[in-house]
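One letter stands for each residue in the lines below.
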Amino acid sequence: MRTDQFTDSDRYQLLSSAQVIPDQPRCVQCGICTYHCPIGIDVRRYAWRGEAIIDSHCLTCGECINRCPRGVLRFGHTNIAVESN
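The rules behind each value
- Numbering of residues starts from 1 in each chain and follows the order in which that chain's sequence is written.
- Local features are withheld for residues below a pLDDT of 70 in this predicted model, meaning they are given only at 70 or higher, and side-chain atom pairs are given and counted only at 80 or more; totals for whole chains, interfaces and linings count all residues.
- Here the side-chain values reflect all heavy atoms present in the structure, with hydrogen atoms and water set aside.
- A run of H or I in DSSP counts as a helix once it spans at least four residues, and a run of E counts as a strand once it spans at least two, with each numbered from the N terminus.
- Exposure categories follow from relative accessible area, calculated using a 1.4 Å probe and restricted to protein chains: below 20% of the type maximum is buried, above 50% is exposed, and the middle band is partly exposed.
- Note on contacts: a residue pair qualifies if any of its non-hydrogen atoms lie within 4.5 Å across the two residues.
- Exposure was quantified through the Shrake-Rupley algorithm and a 1.4 Å probe, taking into account, for residues, occlusion by the shown protein chains and nothing else.
- Only Phe, Tyr and Trp rings take part, Trp by its six-membered ring, and two of them pair if their centres are within 6.5 Å. Stacked means planes under 30 degrees apart, edge-to-face means over 60, and tilted covers everything else.
- Whether a charge sits over a ring depends on NZ of Lys or CZ of Arg being within 6 Å of the ring centre and within 35 degrees of the ring normal.
- Here, a salt bridge means any Lys or Arg side-chain nitrogen found within 4 Å of an Asp or Glu carboxyl oxygen.

1. Quick word on the overall build of the chain
And then number 1: The helix and strand inventory of the chain stands at four helices and two strands.
And then number 2: Expressed as a percentage of the 85 residues in the chain, the buried residues total 26%.
And then number 3: If you take every contact in the chain between residues at least 6 apart in sequence, the share linking residues at least 24 apart comes to 61%.
And then number 4: Summed over its atoms, the accessible surface of the chain is roughly 6,100 Å², and 49% of this surface lies on carbon and sulfur atoms.

2. A word on the packing of aromatic side chains
And then number 1: Under the definition given, this model contains zero aromatic pairs.
And then number 2: The positively charged end of Arg 45 is found above the aromatic ring belonging to Tyr 46, 4.9 Å away from the centroid.

3. Some points on the pattern of salt bridges
And then number 1: As enumerated under the stated definition, the model contains three salt bridges in all.
And then number 2: In this structure, the salt-bridge partner of Arg 26 is Asp 23, at a minimum N-O distance of 3.9 Å.
And then number 3: For Arg 26, a relative accessible area of 36% gives the class partly exposed.
And then number 4: Among the ionic pairs, Arg 67 bridges to Glu 63, the shortest N-O distance being 2.7 Å. In this pair, Arg 67 and Glu 63 both sit in helix H4 (residues 63–67), four residues apart, roughly one turn of the helix.
And then number 5: A relative accessible area of 40% places Arg 67 in the partly exposed class.
And then number 6: A relative accessible area of 24% means that Glu 63 is categorised as partly exposed.

4. A short note on unusual backbone geometry
And then number 1: Positive phi, close to 60 degrees, is recorded for Gln 29, a residue that is not glycine.
And then number 2: By the element assignment, Gln 29 lies in the loop between strand S1 (19–22) and helix H2 (32–36).
And then number 3: With a phi angle near 50 degrees, Thr 60 is a residue other than glycine that sits in the positive phi range.
And then number 4: Mapped onto the elements, Thr 60 comes out in the loop between helix H3 (43–49) and H4.
And then number 5: By relative accessible area, Thr 60 is classed as buried at 15%.

Remember that the coordinates give geometry; whether it matters functionally is a separate question.
Here is the structure:
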């Protein structure tokens, strides 16, 4: 399905269950992502470690993704939130 075919409800559902995921080898640690985060999350630290941003304060607004000059960040789903028994 193309992204322009999503309804607002579809977009909300997708973003509410997604995390920002970095492509760690491409990150040059410029810090632009962290600078533009409206919540003040140290996105650069997550990118440096190659970890998905699992901070509960993350709004999934996409500002860090939009501002990254190298396209290191993307929305995606991880199994981090899945409970294991």
